[in-house]
Amino acid sequence: MAAKRVSTTAMEWGTIAARVHPEQRGAIGALKAKVDKHMRVVNSLPASLPKIDFDMYKARVAVPGMVDNFQKAYGALDIPYPADKGAIAEIDAEAKENENTYIAFCKESNERIATAKVDLARFEAMKNPVDMTLEEALDAGLTDYVVDPNGGTAWPHNQTWEEFNERVKNSNPEDWH
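Keep in mind that what you see is a predicted model, and the values were worked out from it rather than measured.

Examining the overall build of the chain
The number of helices and strands found in the chain is 7 helices and 2 strands. In the chain, which comprises 177 residues, the share counted as buried stands at 8%. Pairs at least 24 residues apart make up 28% of the contacts formed inside the chain by residues separated by at least 6 positions. Surface accessibility of the chain: about 15300 Å² in total, with carbon and sulfur atoms responsible for 58%.

Structure, rendered in structure tokens:
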């Protein structure tokens with residue numbers, strides 16, 4: 001039974017801590033402490049059932065056959081060790097299935113990061129928008145933040161004047177409250 005005992009953890013705590021947000025590292029530390037405490041308790045227990053001196057009990061117990069029945073039951077006691085019923089293979093298969101999704105997500109994320117870095121460099125090189133004139137802001141491409149006077153839009157400036165008129169014509173006057 002000693003060979004069946006799990007004495008090492010399969011958790012890579014350093015890897016987990018590196019991937020967790022800094023605000024959650026305390027929770028990971030608490031979990032690690034709890035797991036370590038459990039492993040210390042499990043490792044403090046004997047690997048096999050303790051040996052009982054049944055001869056001493058036979059000499060002291062007056063009921064005939066009681067100790068023999070207990071000895072037979074104690075000898076037949078077998079605590080099963082949980083076996084893997086294919087769960088690890090299922091987890092590995094799911095990991096292989098999701099590996100392509102993970103790789104695609106990483107690739108898309110790296111593309112978004114590259115785009116964000118280009119935008120960041122553009123904004124850092126740009127004049128402060130507070131100090132810009134309307135024409136400079138439009139030339140800098142800040143059309144989401146500055147209303148183009150030649151655009152012909154209506155508030156909230158997310159549609160053209162023609163689109164606004166069409167929406168008003170098709171709307172119900174009772175909705176105008």
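Things to note about the packing of aromatic side chains
Within this structure, the stated rule accounts for 3 aromatic pairs. Geometrically, the ring pair formed by Phe70 and Tyr74 is stacked, given 6.2 Å between the ring centres and 25 degrees between the ring planes. You can see Phe70 and its partner Tyr74 sitting in helix 4 (residues 66-76), 4 residues apart, about one turn around the helix. Taken together through their ring pairs, the aromatic side chains of Phe54, Phe70 and Tyr74 make up a single cluster. The ring of Phe123 has Arg122 sitting right over it, with the charged end atom 4.7 Å from the ring centre.

What about the pattern of salt bridges?
Applying the stated criterion across every chain yields a total of 3 salt bridges. In this structure, the salt-bridge partner of Asp68 is Lys58, at a minimum N-O distance of 3.1 Å. Here the residue Asp68 occupies a position in helix 4, and Lys58 occupies one in helix 3 (residues 54-60), the gap between them amounting to 10 residues. Among the residues examined, Asp68 registers a relative accessible area of 39% and is labelled partly exposed.

Looking at a negative patch on the surface
Taken together, Asp84, Glu90, Glu94 and Glu97 make up a surface patch of like negative charges. Counting through the fold element by element, Glu94 comes out in helix 5 (residues 87-125).

Here we look at the confidence of the model for the chain
Within the chain, residue pLDDT values average 83, and 86% of them lie at 70 or more. Mean pLDDT across the elements of the chain bottoms out in strand 1 (residues 153-154) (66) and peaks in helix 5 (92).

Let's talk about the environment of Gly29
By the element assignment, Gly29 lies in helix 2 (residues 25-44). For the pair formed by Gly29 and Trp13, sequence separation is 16 residues and the distance between their alpha carbons is 8.9 Å.

Here is what the cut-offs are and how they apply
- Residues numbered from 1 in each chain as written.
- Predicted model: local features only at pLDDT ≥ 70, side-chain atom pairs only at ≥ 80, totals over all residues.
- Heavy atoms only, no water.
- Helix = DSSP H or I, 4+ residues; strand = E, 2+ residues; numbered from the N terminus.
- Buried < 20%, exposed > 50% of the residue type's maximum accessible area, 1.4 Å probe, protein only.
- Contact = heavy atoms within 4.5 Å.
- Areas by Shrake-Rupley, 256 points an atom, 1.4 Å probe, with all protein chains shown as cover.
- Phe/Tyr/Trp six-rings, centres within 6.5 Å; stacked < 30°, edge-to-face > 60°.
- Lys NZ or Arg CZ within 6 Å of the ring centre and 35° of its normal.
- Salt bridge = Lys/Arg side-chain N within 4 Å of Asp/Glu carboxyl O.
- Patch = residues over 30% accessible without salt bridge, like charges linked within 9 Å, V, L, I, M, F, W, Y side chains within 5 Å.
- Lys, Arg positive; Asp, Glu negative; His and termini not counted.
- Charge placed at Lys NZ, Arg CZ, Asp CG, Glu CD.
- pLDDT = per-residue confidence, 0-100.

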